[in-house]
Amino acid sequence: MNRTRLVLTGLAVAAAIAMSGCDPQPESESTATAPSPAAASAAPTGSPATTAASAPANDAATVKACADIKKDIKDNATKIAKAEKIGPPAGHFAVSAQWAAGSVAILAHTIGANDAVTTASEKIQNEMMSLSDAYNKSADAKPSKKALEAATKELDTACSAA
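Let me sum up the structure you'll find in this document. Remember, predicted model here, so these are calculated numbers, not experimental data. (Residues numbered from 1 in each chain as written. Predicted model: local features only at pLDDT ≥ 70, side-chain atom pairs only at ≥ 80, totals over all residues. Heavy atoms only, no water.)

1. Side note on the state of the cysteines
- Applying the stated criterion across every chain, the model contains one disulfide.
- Sulfur-sulfur distance for the disulfide between Cys66 and Cys159 comes to 2.1 Å. Disulfide Cys66-Cys159: the torsion about the S-S bond is -95°, which places it as left-handed. A residue pair is termed long-range when its members are at least 10 positions apart, and Cys66 in helix H5 (residues 60-84) and Cys159 in helix H8 (residues 146-161) qualify at 93 residues. (Disulfide = S-S within 2.5 Å. Helix = DSSP H or I, 4+ residues; strand = E, 2+ residues; numbered from the N terminus.)

2. A look at the nonpolar core
- Among the nonpolar cores identified, the biggest contains 22 residues, and Ile69, Trp99, Val117, Ile124 and Leu155 are the most heavily contacted of them.
- Secondary structure elements with two or more residues in this core: H5, helix H6 (91-110), helix H7 (115-137) and H8.
- Residues within four places of Leu155 in sequence aside, it is in contact with Ile69, Ile73, Val117, Ala120, Ser121 and Ile124. (Core = buried A, V, L, I, M, F, W, Y, C linked by side-chain atoms within 4.5 Å. Buried < 20%, exposed > 50% of the residue type's maximum accessible area, 1.4 Å probe, protein only. Contact = heavy atoms within 4.5 Å.)

3. Observations concerning the pattern of salt bridges
- Applying the stated rule across the entire model yields five salt bridges.
- We note a salt bridge from Lys64 to Asp68, for which the minimum N-O separation is 2.8 Å. Separated by four residues within a single helix, Lys64 and Asp68 lie in helix H5, roughly one turn from each other.
- With a relative accessible area of 19%, Asp68 lands in the buried category. (Salt bridge = Lys/Arg side-chain N within 4 Å of Asp/Glu carboxyl O.)

Below, the structure is given as structure tokens:
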């Protein structure tokens, strides 16, 4: 079972790496994230911690990452529902593989996001992998998704600040 999981996870990682190069960044993004000279001169003074906390977090990469990650979560939920319809005992492999694949998709879209979104995304990834492990261990697994729901709410909070 572990060998199958390893192979499936490896394939999912390889696919995510390959897909990460398929989404070209718009050229205007580099100008959107660079602060204007007026904004740089109007930056608040004070300790570095105060300045970092008051800096705007709505860079284009973070906004795009939030949108992509939320889309990944919805897409994964749809695919999980289809895989669950297969039913035990074989269906648990499909569900486990889909949780792992969903985790990798989120990883691919986290690149370039701010720290708050990245941290929240990592929690979602960890919860998805925990669900993958739970389904991989038992054909009749019905693990709780409360930790994943809490991590998703944390992502929503981080994205709303972006």
